[in-house]
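Each chain, written out:
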Amino acid sequence: DTEVTQTPKHLVMGMTNKKSLKCEQHMGHRAMYWYKQKAKKPPELMFVYSYEKLSINESVPSRFSPECPNSSLLNLHLHALQPEDSALYLCASSQVGGASETGELFFGEGSRLTVL
Amino acid sequence: DQQVKQNSPSLSVQEGRISILNCDYTNSMFDYFLWYKKYPAEGPTFLISISSIKDKNEDGRFTVFLNKSAKHLSLHIVPSQPGDSAVYFCAASEFSNQGGKLIFGQGTELSVKP
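Residues numbered from 1 in each chain as written. Chains lettered and ligands numbered in written order. Predicted model: local features only at pLDDT ≥ 70, side-chain atom pairs only at ≥ 80, totals over all residues. Heavy atoms only, no water.

**Focus on the overall build of chain A**
For step 1, the next point in the chain: The helix and strand inventory of chain A stands at 0 helices and 11 strands.
For step 2, the next point in the chain: Listed by position from the N terminus, the elements making up chain A come as β-β-β-β-β-β-β-β-β-β-β.
For step 3, the next point in the chain: A compact globule built from 116 residues would reach a C-alpha radius of gyration of about 13 Å, and chain A, at 14 Å, matches this within 12%.
For step 4, the next point in the chain: A buried classification covers 48% of the 116 residues belonging to chain A.
For step 5, the next point in the chain: When contacts within chain A are restricted to residue pairs at least 6 apart in sequence, those whose partners lie at least 24 apart make up 56%.
For step 6, the next point in the chain: Surface exposure of chain A reaches about 5,600 Å², of which carbon and sulfur atoms provide 50%.
For step 7, the next point in the chain: Distance between charge centres in chain A, computed from 12 positive and 12 negative side chains, equals 9 Å. (Helix = DSSP H or I, 4+ residues; strand = E, 2+ residues; numbered from the N terminus. Rg over C-alpha atoms; globule rule 2.2 N^0.38 Å. Buried < 20%, exposed > 50% of the residue type's maximum accessible area, 1.4 Å probe, protein only. Contact = heavy atoms within 4.5 Å. Areas by Shrake-Rupley, 256 points an atom, 1.4 Å probe, with all protein chains shown as cover. Lys, Arg positive; Asp, Glu negative; His and termini not counted. Charge placed at Lys NZ, Arg CZ, Asp CG, Glu CD.)

Next up, the structure:
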């Protein structure tokens, strides 16, 4: 099983709503990531979890709150978002390791978020 | 400050010919370089990678070349096929026990014409 599964595929929410994006992988990877991608732009790193602990937060606003309940699951809780937060949110997973690892990340298909 | 740059936003190639996609980077601490392919409304798909200790890696029709002194890498696709039409992202990784931080270039949209 080499899949990273993201739900929902599409989400429309108002600025006062609270919603969550979910991500699941069963490859035994111990690093999981959230990336944000706007149209015609490259994916931008938001958060990295390593061994279920938040290891990197790329100065993301607090209206985005990540959670890693266990080694297979990664959530992104959304609250009081702005229209400019509309984007494709990509989850990824990988091995955690040193220079001998390939560094390959496996991406999910993304959750397309629209904030009205 | 862009650490990974793809200066060509688009490239058009005839079917059967070679496609060459270029990428430059600034951070000499990067130890792995990867190419991802992305179709609209899908997540990026890993294509090929190269370690900083190598200068070439080949996988079927895809070859990645790394020139560390020039901080430049390129992806060669030979022969190009219409199904290769997609956006190609170059990415660089400085891997550590914290998990890899992958930095992406802006992407190059490849169009392979029949």
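**Focus on the pairing of strand β9 (residues 86-94) of chain B**
Residues and elements named next belong to chain B.
For step 1, the next point in the chain: Among the 9 residues that make up β9, 7 are buried, leaving the element largely enclosed by the rest of the structure.
For step 2, the next point in the chain: Sheet analysis places strand β4 (residues 32-38) next to β9, joined by 7 bridges and oriented antiparallel. By the bridge assignment, K37 is partnered in β9 with Y88.
For step 3, the next point in the chain: Strand direction decides the pairing type here: β9 and strand β11 (residues 108-113), joined by 3 bridges, are antiparallel. In the sheet register, A86 faces β11, and the bridge partner there is L110.
For step 4, the next point in the chain: Relative to strand β10 (residues 101-104), β9 runs antiparallel, the two sharing 4 bridges. When the sheet's bridge partners are listed, A92 is paired in β10 with I103. (Pairing = 2+ DSSP bridges.)

**A closer look at the state of the cysteines**
All names here are of chain B.
For step 1, the next point in the chain: Summed over all chains, the structure comprises 2 disulfides over all chains.
For step 2, the next point in the chain: One disulfide in the model links C23 with C90; its S-S distance is 2.0 Å. Because the sign of the S-S torsion sets the handedness, a value of about -70° for the bond joining C23 and C90 places this disulfide among the left-handed ones. Linking C23 in strand β3 (residues 19-25) with C90 in strand β9, this pair joins segments that are 67 residues apart in sequence. Each member of the pair C23 and C90 is classed as buried. (Disulfide = S-S within 2.5 Å.)

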